[in-house]
Amino acid sequence: MAAKTLTIDGKQISAEENETVLQAATEAGIKIPTLCHLEGVYDVGACRLCIVEIAGTPKLLPACTTKVAEGMEVKTDSERLRKYRRMILELLFAERNHVCAVCVSNGHCELQALAYSLGMEHVRYDYTFPKWSVDTTHRLFGMDHNRCVLCTRCVRVCWHIEGAGTKNVSGRGAKSKIITDLNQSWGTSDSCTECGKCVMACPTGALFQKGSTVGEMERDRDKLEFIVTAREKKQWIAD
Amino acid sequence: MIYHDLIAIKEKELAARKKIVLRCCLAAGCMSSDAKGVKEQLAKAVAEAGLQDQVEVRGVGCMKLCCEGPLVAADPQNALYVKVTAANAPSIVAALNGGQANAAQTNPDAAFFKKQFSIVLANSGVVDPERIEGYIAADGYQALHEVLHEMTPKDVVEAMVKSGLRGRGGAGFPTGLKWGTVAKSPSAKKYVICNADEGDPGAFMDRSVLESDPHSVLEGMAIAAYAVGADQGFIYCRAEYPLAIARLNLAIKQAKTLGLLGAGIFESPFNFNIDIRIGAGAFVCGEETALMASVEGKRGTPRPRPPFPAESGLFGCPTLLNNVETFANVPAIYRKGAEWFAGIGTEKSKGTKVFALAGKIKNTGLIEVPMGTPLRTIVEEMGGGAPDGGTIKAVQTGGPSGGCIPSQHLDTPVDYESLGKLGSIMGSGGMIVMDQTTNMVEIARFFMEFCMDESCGKCIPCRAGTVQMHHILDKIANRQATARDLAKLEELCDMVRNTSLCGLGQTAPNPTMSTLRFFRNEYEALLQPDPFGPHSNGAAKQPELATK
Amino acid sequence: MATVWLGGCAGCHMSFLDLDEFLIELADAVDLVYSPVVDVKDYPENVDLCLIEGAVCNEDNLEILHKIRARTKVLVSFGDCAVTGNVPAMRNQLGIDNAENVLQRAYIENAQNNPAVPKADGIVPQLLENVRPVHEMVYVEYFLPGCPPPAARIKSLVAQLLAGAVPKQEGEQLKFG
Ligand SMILES: Cc1cc2nc3c(=O)[nH]c(=O)nc-3n(C[C@H](O)[C@H](O)[C@H](O)COP(=O)(O)O)c2cc1C
Ligand code: SF4
Ligand code: SF4
Ligand code: SF4
Ligand code: SF4
Ligand code: FES
Ligand code: FES
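Residues numbered from 1 in each chain as written. Chains lettered and ligands numbered in written order. Predicted model: local features only at pLDDT ≥ 70, side-chain atom pairs only at ≥ 80, totals over all residues. Heavy atoms only, no water.

J.: So what exactly am I meant to see when it comes to the overall build of chain B here?
T.: What chain B contains, in helices and strands, is 22 helices and 14 strands. Here chain B has a C-alpha radius of gyration of 26 Å; the compact-globule value for 548 residues is 24 Å, and the two agree. Relative to its 548 residues, chain B shows a buried fraction of 61%. Here the analysis covers contacts within chain B between residues at least 6 apart in sequence; of these, 72% occur between residues at least 24 apart. In chain B, the 55 positive side-chain charges and the 58 negative ones have mean positions that sit 3 Å from each other. (Helix = DSSP H or I, 4+ residues; strand = E, 2+ residues; numbered from the N terminus. Rg over C-alpha atoms; globule rule 2.2 N^0.38 Å. Buried < 20%, exposed > 50% of the residue type's maximum accessible area, 1.4 Å probe, protein only. Contact = heavy atoms within 4.5 Å. Lys, Arg positive; Asp, Glu negative; His and termini not counted. Charge placed at Lys NZ, Arg CZ, Asp CG, Glu CD.)

Here's what the structure looks like:
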């Protein structure tokens, strides 16, 4: 495959033709903040945290869905990008009810980690304090909509890795909601195979194993990667 | 069908023309005030007067002055009756022979009509949209014939480039360039899609075109399909337009029957079919990638571009997607020539633009004017200015993605570049006039609420950002906001515009930013003092702490 | 310097007491003029620094907060309740009647003896319609998240302020929860 040379943050990088800017940066050890990206499933470019500046393009583009090109000059960090990323995070915290102190994911949450690593020490927008429910009808897992960031990682793994097609999105705008089957309680879902992949994929405390209490919900994302590698490359490599 | 057959239909139709035609608007605007009843009574009155051989009562599309509907026109008497009721019918018929009509009339030679320049709306209000023969009599489908038999697909694309037509769906992308990209793709399967989702509040141009002259859109699509090498077309029309959908269905059926759609059109190897897909009423489904997802039967949410539809569109195939009005321009361009078209309008904006004129203005309705026509001509001369002695304060174009142009800029020519310079956009053609009583903060809040409700929720800046911007606008309007809130609003506008995934989010801040640009004083007048804000303790800067 | 305790669990103040020997250093550098651990009734004038624990839950909280803002140079939102509303703000999700519902549940439904909502004008403050974080009510200079913020985090911020610097907190020092 043809290789492309580009610079990311001033660093000369060579990447394969079909790679995304995010892949190229990751290989070069440059970290770009991401939230909706999940190794193993296709990208949707929804969270906009991975936006980067590309010379010659007036628009900011998401690194996870932008393909590398010859001679591309990418900037993954700037005053402006940092400001926008922080604002996006503030919007997320103001959008639903995140009470880290009593959250199963406290300390293991991608959203929380993004917030502190991007210097978000408080949220400047008025909290909306919406009313959302918690679905604990499933035998093994629970879903707390208060903590969902609508990244659709659960939907994508459920459809494209497990192939069950249980999880979906209903509604639109701020009323969007992750649903199971035809918007019924998870416990009554016929299609859920109880594989737990969605729980493993979730970046926040929205999906959790029942019985976990504050801070106990740790995820083993390597398992997802293992399954994807096994399926796509027919290699069974577990660390 | 060959050319000869087409001309035969035209001549037969013309030969059967009666001396007098009563044109009766049967588009949705007039239909909502009993135009159908008016037409029936007119036909009955004609029969009762024994004038069937001399008078045709013809249902036609929109006659443009919708606010005065139902409209009835009498040819060749050059009379235009307004607000006609079924009871007026006998006297209108009587007036054909010198009697006195008891229906109100308006001057068909007024500026509202005379300043129009019709390409897209040439048949609107003239031909019967439910009869293909009417369209053929107006030279319909001749362009398609010429294209299929006299031009190569490459010629067709080149002529489109030369015409200078730009997309009428909002962004003004050069149509020829788009056709060329799809044409160049080697894919065996390609699609043509007509975007008839028209979701902007206040816009009804596309609906009128579909209801008044559906065949022009079908012919335009067929020419485009030939140019790019597609054999299947879709029209994505919103469910709120039942009349447009019914007329499109009828038009497709008629065109198929005559062999103007389907296999081997005009005895050429060119095949083209058109199907209708009905949208369920989400504004975002007008965005091209969301629209295609919806046609595929998926949830209608946009996806990042590239790849653009021209490279990978519907079902992964190269897809040409144009707006209704864009397609409706096409037949005339090939019938009259690209040079003719390029001679109309301004240097960078060719042809005409249809606007749905609405709001605080005397004459509301449809207007079509050459690009570059000053706004003032449209709102003051044609629109007749603000009603009830009011003064015009601003003109809004581009709907929820556009901006407000204040009255001091009324001399701005209407073209893509000039409107863009003023922080607005041409948009799809909604034009809302505001008078001195309009509260600009309310306007910004209204459009922000629209965007908030219509956000698909996929990306965070738009989904959560519109909620916060709306919240701040709400606070400002309710006199609960401080200067700090206004600063936050401006910062959000900038972020949402630069980081959102699709055009909805990217343009959602426009109405707010444009009213802030021209009417900032209205915002500031509503701001409250900030007694507990920074430095409310008297300190002018970061205070130094005293230690022991 | 002052510290106040609004709608919170006092955990942040416990963490403050965990400063151990730094408390002694601090005592040398500042006068603690108002605090739950100091017996002063009225918030004094000309305070340099105030750490505010807890969310703004009732009229009393709001009143003193306004007084604090007017009389203090630098405010620090101290702990998650002050910064985000945290657990006290969970009642907001119950909608417009949340204050009434919470009182009913606490003092009537779950009461073992004498169910009655306490009411004594001027003594028991009225709950606000919504619980809000401190910075939504008054301007706040600095933020110290954490539930509670670990002593080391408090020390770092206070020490920087004492040194006259604009305090910088980074990475995990800003973690909520
Ligand atoms: C949120 C949103 C809504 C849109 N709605 C419409 C619409 O209703 N009709 C339309 O023709 N184009 C609409 N567009 C523009 C289309 O995405 C597309 O650019 C256009 O249909 C292309 O056709 P054109 O080149 O002929 O203008 C919309 C775009 C966005 C971002
Ligand atoms: S999901 Fe993450 S950010 Fe949200 S409450 Fe839990 S730990 Fe905090
Ligand atoms: S457990 Fe598996 S099948 Fe069930 S919803 Fe999650 S991913 Fe889908
Ligand atoms: S439940 Fe988790 S994985 Fe699914 S959308 Fe919400 S945050 Fe993402
Ligand atoms: S900008 Fe708005 S409408 Fe467009 S993808 Fe994002 S959320 Fe959806
Ligand atoms: S990770 Fe790229 S947009 Fe979310
Ligand atoms: S709808 Fe009848 S004139 Fe426009």
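Following the structure, the description resumes.
J.: I keep staring at a negative patch on the surface and nothing clicks. Help me out?
T.: On the surface, a cluster of negative charge is contributed by Asp 18, Asp 20, Glu 21, Glu 25 and Asp 28 of chain C. Relative to the elements of secondary structure, Glu 21 of chain C occurs in helix α2 (residues 21–29). (Patch = residues over 30% accessible without salt bridge, like charges linked within 9 Å, V, L, I, M, F, W, Y side chains within 5 Å. Areas by Shrake-Rupley, 256 points an atom, 1.4 Å probe, with all protein chains shown as cover. Salt bridge = Lys/Arg side-chain N within 4 Å of Asp/Glu carboxyl O.)

J.: I keep staring at a nonpolar patch on the surface and nothing clicks. Help me out?
T.: A surface patch of nonpolar side chains, about 280 Å² in accessible area, is lined by Val 102 and Val 214 of chain A together with Val 87 and Met 90 of chain C. Among the secondary structure elements, Val 214 of chain A is positioned in the loop between β10 (207–209) and α6 (221–233). A relative accessible area of 43% means that Val 214 of chain A is categorised as partly exposed.

J.: Looking at this model, I keep getting lost on the sheet that holds strand β2 (residues 47–53) of chain C. Mind explaining?
T.: In any sheet, the strands associate via hydrogen bonds between backbone groups, in a parallel or an antiparallel arrangement. All names here are of chain C. Here four strands make up an open sheet; going across it, the order is β1-β2-β4-β6 and the pairing parallel. Both outer strands of the open sheet, β1 (2–5) and β6 (142–144), are each paired with one neighbouring strand and no more. Across the sheet, the mean angle separating the axes of adjacent strands is 25° when strand polarity is ignored. Running at roughly 135° to strand β4 (residues 72–78), helix α3 (residues 59–71) makes contact with β1, β2 and β4 of the sheet. Contacts from helix α6 (residues 151–162) reach β2, β4 and β6 within the one sheet, and its direction differs from that of β6 by about 160°. (Pairing = 2+ DSSP bridges. Axes fitted to C-alpha atoms, helices over the stretch in contact; angles between N-to-C directions.)

J.: Explain the interface of chain B and chain A here, please?
T.: Interface size is often expressed as the accessible area that is lost when the parts come together. Counting from both sides, the interface comprises 30 residues of chain B and, opposite them, 31 residues of chain A. Together chain B and chain A conceal approximately 2600 Å² of surface at their shared face, both sides included; 54% is due to carbon and sulfur atoms. Run the count over chain B and chain A and you get four salt bridges. When residues of the side of chain B that touches chain A are traced back to their parent elements, those giving at least two are α18 (440–454), α19 (460–477) and α20 (483–499) of chain B. Broken down by element, the residue count for the side of chain B that touches chain A peaks at nine residues, all from α19 of chain B. Taken together, the residues of the side of chain B that touches chain A sort by class into 11 nonpolar, 10 polar and nine charged. (Buried area = accessible area lost by both parts, 1.4 Å probe. Nonpolar A, V, L, I, M, F, W, Y, C, P; charged D, E, K, R; others polar.)

J.: It is not clear to me how the side chain of Asn 88 of chain B should be interpreted in this structure. Could you clarify?
T.: Residues and elements named next belong to chain B. Mapped onto the secondary structure, Asn 88 falls in the loop between β4 (79–81) and α4 (89–95). Look at Asn 88 and you get buried, because its relative accessible area is 10%. Once residues lying within four places of it in the same chain are set aside, the contact partners of Asn 88 are Lys 83, Asn 102 and Ala 103.

J.: Teacher, can you tell me more about α6 of chain A here?
T.: All names here are of chain A. In this model α6 runs 18 Å from its N-terminal to its C-terminal C-alpha over 13 residues, within 8% of the 18 Å that 1.5 Å per residue would give. Within α6, the full set of buried residues consists of Leu 224, Val 228 and Ala 230. Projected onto a plane normal to the axis of α6, the buried residues spread over an arc of 160° and lie on a single side. Packed against the buried residues of α6 are α4 (153–160) and α5 (197–201). Positive phi appears at Lys 234, one or two residues downstream of α6, with a value of about 55°. (Expected span 1.5 Å × (residues − 1). Arc of directions from axis to C-beta.)

J.: Please clarify how the site of ligand 5 should be interpreted in this entry.
T.: Taken together, 13 residues surround ligand 5, and among them Cys 456, Cys 459, Cys 462, Cys 502 and Gly 505 of chain B come closest. Residue composition of the shell around ligand 5, grouped by class: eight nonpolar, four polar and one charged. (Near = heavy atom within 4 Å.)

J.: Whenever I open this one, the confidence of the model for chain C confuses me. Can you help?
T.: Fine structural detail should not be taken from predicted coordinates in areas where pLDDT scores are low. Residues and elements named next belong to chain C. Of all residues in chain C, 100% attain a pLDDT of 70 or more, and the chain-wide mean is 93. Of all helices and strands in chain C, the one with the weakest mean pLDDT is helix α5 (residues 98–109) (84), whereas helix α4 (residues 80–84) scores best (97). As a predicted assembly, this complex carries a pTM of 0.94 together with an ipTM value of 0.94. (pLDDT = per-residue confidence, 0-100.)

J.: Whenever I open this one, the side chain of Thr 76 of chain A confuses me. Can you help?
T.: Residues and elements named next belong to chain A. Here Thr 76 is to be found in the loop between β5 (73–75) and α2 (79–95). Classification of Thr 76 by relative accessible area gives buried; the value is 4%. Reaching out from Thr 76, the side chain makes a polar contact with the side chain of Asp 9 at a distance of 2.5 Å. Each residue touching Thr 76, except ones within four places of it in the same chain, is listed here: Ile 8, Asp 9, Ile 30, Ile 32, Val 52, Leu 81 and Arg 85. (Polar contact = N/O pair within 3.5 Å; in protein donor to acceptor, adjacent residues only side chain to side chain.)

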